[in-house]
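These are the residues of each chain, in order.
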Amino acid sequence: MDLKKLEEIPKSYFKEILGALSKLEKLKKIPFFTGIHFKDAERDLAQKIESYKKVERDAKRAWKIVELSRNENRPQCLDYINGIFEDFVKLSGDRLTGEDRSIVAGLGKINGKTVAVIGHNKGKDIKQRLEYNFGMSIPQGYRKSQRIMRLADRFGFPIVTLIDTPGAYPALEAEDDGQASAIAKSILLMFEVKVPIIAILIGEGGSGGALALAVGNEVAMLENSTYSVISPEGCAAILWKNPSGTKLAARELRLTSRDMLRLKVIDRIIPEPIGGAQNAPGRMVKIVKKYIIGALERFASIPGEELKSGRARKFESMGFFSTE
Amino acid sequence: MEKIKCKNCTKDIENEIFILNLWVCPYCNYHHYINARDRLQITVDSNSFIELGKNINSDDFLNFYDVKSYSVRLKETKLKTSLDEAVIIGEAKIEGNDVALGVMDFGFIGGSMGSVVGEKIKILSNYCIEKNIPLVIFCASGGARMQEGVISLMQMAKTVSSVNRVKESKIPYITIITNPTSGGVSASFATVADIIIAEPDALFCFAGPRVVKQTIKKNLPPDFGTSERNLKNGQVDMIVNRNELRSTLTNLLKLFKE
């Protein structure tokens, strides 16, 4: 057994293998067993090491996608808005207490039709990132989104959402202003409106802050975007109690677009240019534009009641469990 | 006589008195953890509870493995808590009033919401619509169940959609926020109720104090996320002591009956 191989094994599995190895070595030293070959045991162990190495390879692959989804040169919400929608007018404020810049909302035209567009914008350099609060929203943002969705519903404008957020902003003021209920009400409203909702995950789909814009009749995901209940960092901190579990958490959480399609959480994967959207932002915007036009056509003739009940049916059927 | 130390005032309480006082400290009124079975017992008319959805069990469909596998974690928790899942649902009577009742238990993997909790809230919602009886849910949860990945996030949408159909059927929906209610549960079915009641000493927030403290890099006010602060901020309708919950619920149910 090549002990050097052990160095490549993820640390959390290290103990188990080391234990099995030392048992084997001890066994070999007992006189009764000398001369007997331990081929089976050694093969089992080698297989175990192989499977653990596969876990680590998968973890690295998942982490690479996490990094791609966060790449600051990827096109962002404003790039898509500017490149796709004509005559776009930005609308601001929740009409209650404030304006949250991390969520961009407004009306614009695509293919000659007016749509409402709502999305998280992260910003590209540090100045912009501070301005948009890294795409982390506060209740005022979710309530602005609700206001625009209601407006769209009244006038029959389809809603297009562009999701790219690490998650809702965990701050004292946001909590005091009712972060939980703002997100819940956003989700609720998306089960009430009778216009098509097309939700596109363009980068990071972080937890409740992402879901607050993502209850779509059709949910699509860019190839290298992610969708997750918690960030790998947060998950590792809670379950592994150690940041070294971050990459493994990225694997365990199954947060890639392929995983989402397999779990039927999304309807479509939008392919990215080779190497990722950051390599050809202009082309990426064009691909998304084509997708939106197609998606809007798919839902154009469906009556409002059916759009509404379709969303309820779709999301209420999600879940995996066994029944005796 | 067995004694229990109050988590808040650290005074010793005789076990029997503690239980008679509904797991509330008789000296400082601190509301301690109460498991779902005990909660049922102190809330509903005796022998009136009929459990629903008993045959639904969690599945380790992602083969999730952190420091132990999810399937092992489930088995251990079931043994430890004698519960099947983080929520018990059923039909019950409160002072003779029929209700569809859900009770969450923080002891079951932090009361986390996975596929089974989502499905049970859906079953309960369908049941109360079918029977035309009010929906009452006692919330206690750390949030979504990470071991079910993004599917646990989707339970937020699933439960909101389910209770939305209850609301559209003009059936009253009441939630009781107990310690703690946060994350995915606080940002879904817990906060879209018609009436939100908080128990004293219930941590009620979206992001937990540790995460918020890390973000703002300042100490939090001592009352962060407390029922009192939430009442002041307009996030809950009222704070009700555990020993008055039954009568408050009865009163509300009667008001909705006309």
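Scroll up to find the structure this text is about.
Residues numbered from 1 in each chain as written. Chains lettered and ligands numbered in written order. Predicted model: local features only at pLDDT ≥ 70, side-chain atom pairs only at ≥ 80, totals over all residues.

Peer 1: How do you make sense of the overall build of chain B when you look at a structure like this?
Peer 2: A tally of regular secondary structure across chain B gives nine helices and 10 strands. For 258 residues, the compact-globule formula gives about 18 Å, and the C-alpha radius of gyration of chain B, at 18 Å, lands near that figure. C-alpha atoms of chain B, sized along the principal axes, occupy 50 × 45 × 40 Å. Scored against the burial criterion, the 258 residues of chain B give a buried share of 50%. Intrachain contacts of chain B at a sequence separation of at least 6 include 66% that bridge at least 24 residues. (Helix = DSSP H or I, 4+ residues; strand = E, 2+ residues; numbered from the N terminus. Rg over C-alpha atoms; globule rule 2.2 N^0.38 Å. Buried ≥ 20, exposed ≤ 12 C-beta atoms within 10 Å, placed from the backbone. Contact = placed C-beta atoms within 7 Å.)

Peer 1: How should the overall build of chain A be read in this particular structure?
Peer 2: Per the secondary structure count, chain A includes 13 helices and nine strands. For chain A, the spread of C-alpha atoms along the principal axes amounts to about 85 × 45 × 40 Å.

Peer 1: Sorry if this is basic, but what is going on with the pairing of strand 3 (residues 113-120) of chain A here?
Peer 2: The two faces of a sheet get side chains in turn, since along a regular strand they alternate between them. Residues and elements named next belong to chain A. By the criterion of burial, strand 3 is predominantly enclosed, with six of the eight residues buried. Bridge count between strand 2 (residues 103-110) and strand 3: eight bridges; the pairing is antiparallel. Residue pairing in the sheet places Val 104 in a bridge with Gly 119 of strand 3. Two successive antiparallel strands, strand 2 and strand 3, enclose a turn made up of two residues, where Asn 111 displays a positive phi of approximately 55°. Where strand 3 lies against strand 4 (residues 159-165), four bridges are found, and the strand directions are parallel. Looking at the pairing, Ala 116 lines up with Ile 159 of strand 4. (Pairing = 2+ DSSP bridges.)

Peer 1: Would you mind showing me how to read the environment of Arg 251 of chain A here?
Peer 2: Residues and elements named next belong to chain A. Residue placement: Arg 251 occurs in helix 10 (residues 246-252). Residue class for Arg 251 comes out buried when judged on the 23 C-beta atoms lying within 10 Å of it. Linking Arg 251 and Ile 138, residues 113 residues apart in sequence, is a C-alpha distance of 29 Å. When near neighbours in sequence (up to four residues on either side) are disregarded, Arg 251 contacts Val 55, Asp 58, Ala 59 and Ala 62.

Peer 1: Would you mind going over the interface of chain B and chain A with me for this structure?
Peer 2: Tallying the contact residues gives 49 residues for chain B and 45 residues for chain A. Elements supplying a minimum of two residues to the side of chain B that touches chain A: strand 4 (56-58), helix 4 (115-131), helix 5 (149-168), helix 6 (183-186) and helix 7 (209-216) of chain B. Of the residues forming the side of chain B that touches chain A, the biggest block, 14 residues, is contributed by helix 5 of chain B. In the side of chain B that touches chain A, the residues fall into 25 nonpolar, 19 polar and five charged. In this structure, strand 9 (residues 321-323) of chain A lies alongside strand 4 of chain B, joined through three bridges in antiparallel fashion. (Nonpolar A, V, L, I, M, F, W, Y, C, P; charged D, E, K, R; others polar.)

Peer 1: Could you clarify how one ought to interpret helix 9 (residues 245-257) of chain B in this entry?
Peer 2: Residues three or four positions apart in an α-helix share a direction because the helix packs 3.6 residues into each turn. End to end, helix 9 of chain B covers 18 Å across 13 residues, agreeing with the expected 18 Å (1.5 Å per residue, within 8%). Residues of helix 9 of chain B that are buried in the fold lie against helix 2 (36-43), strand 5 (87-94), strand 6 (97-104), strand 7 (135-141), strand 8 (173-181) and strand 9 (195-198) of chain B. (Expected span 1.5 Å × (residues − 1).)

Peer 1: What's the story with the packing of helix 13 (residues 304-316) of chain A against helix 5 of chain B in this structure? I'm lost.
Peer 2: Helix-helix packing: each pair is described by the crossing angle between the helix axes and the interaxial distance. In contact at an axis separation of 8 Å, helix 13 of chain A and helix 5 of chain B are set at 130° when each is read in the N-to-C sense. Classified by the interaxial angle, the pair formed by helix 13 of chain A and helix 5 of chain B is oblique. Of the two possible hands of crossing, helix 13 of chain A and helix 5 of chain B adopt the one that is left-handed. When helix 13 of chain A is examined against helix 5 of chain B, the residues Ala 312, Phe 315 and Glu 316 of chain A are found in contact with a partner set consisting of Met 154, Ala 157, Lys 158, Ser 161 and Ser 162 of chain B. Considering only residue class, the contact of helix 13 of chain A with helix 5 of chain B consists of four nonpolar, two polar and two charged. (Axes fitted to C-alpha atoms, helices over the stretch in contact; angles between N-to-C directions. Parallel < 35°, antiparallel > 145°, perpendicular 65-115°, else oblique. Left-handed = near helix turned anticlockwise from the far one by under 90°.)

Peer 1: Could you clarify how one ought to interpret the sheet that holds strand 3 (residues 50-52) of chain B in this entry?
Peer 2: Where strands meet in a sheet, backbone hydrogen bonds hold them as pairs that are either parallel or antiparallel. Residue and element names in this part refer to chain B. Pairing is mixed across the open sheet formed by seven strands, whose spatial order is 3-5-6-7-8-9-10. Of all strands in the sheet, those bounded by a partner on one side alone are strand 3 and strand 10 (238-239). Sheet analysis places strand 5 next to strand 6, joined by eight bridges and oriented antiparallel. From the neighbouring strand, Ala 92 faces strand 6, where its bridge partner is Val 99.

Peer 1: How do you make sense of the pairing of strand 7 of chain B when you look at a structure like this?
Peer 2: All names here are of chain B. With seven of seven residues buried, strand 7 lies mostly within the body of the structure. Inspection of the sheet shows strand 6 paired to strand 7 by four bridges, in the parallel sense. Across the sheet, the residue bridging to Ala 100 is Leu 135, located in strand 7. Sheet topology note: the strand 7/strand 8 ladder contains six bridges and is parallel.

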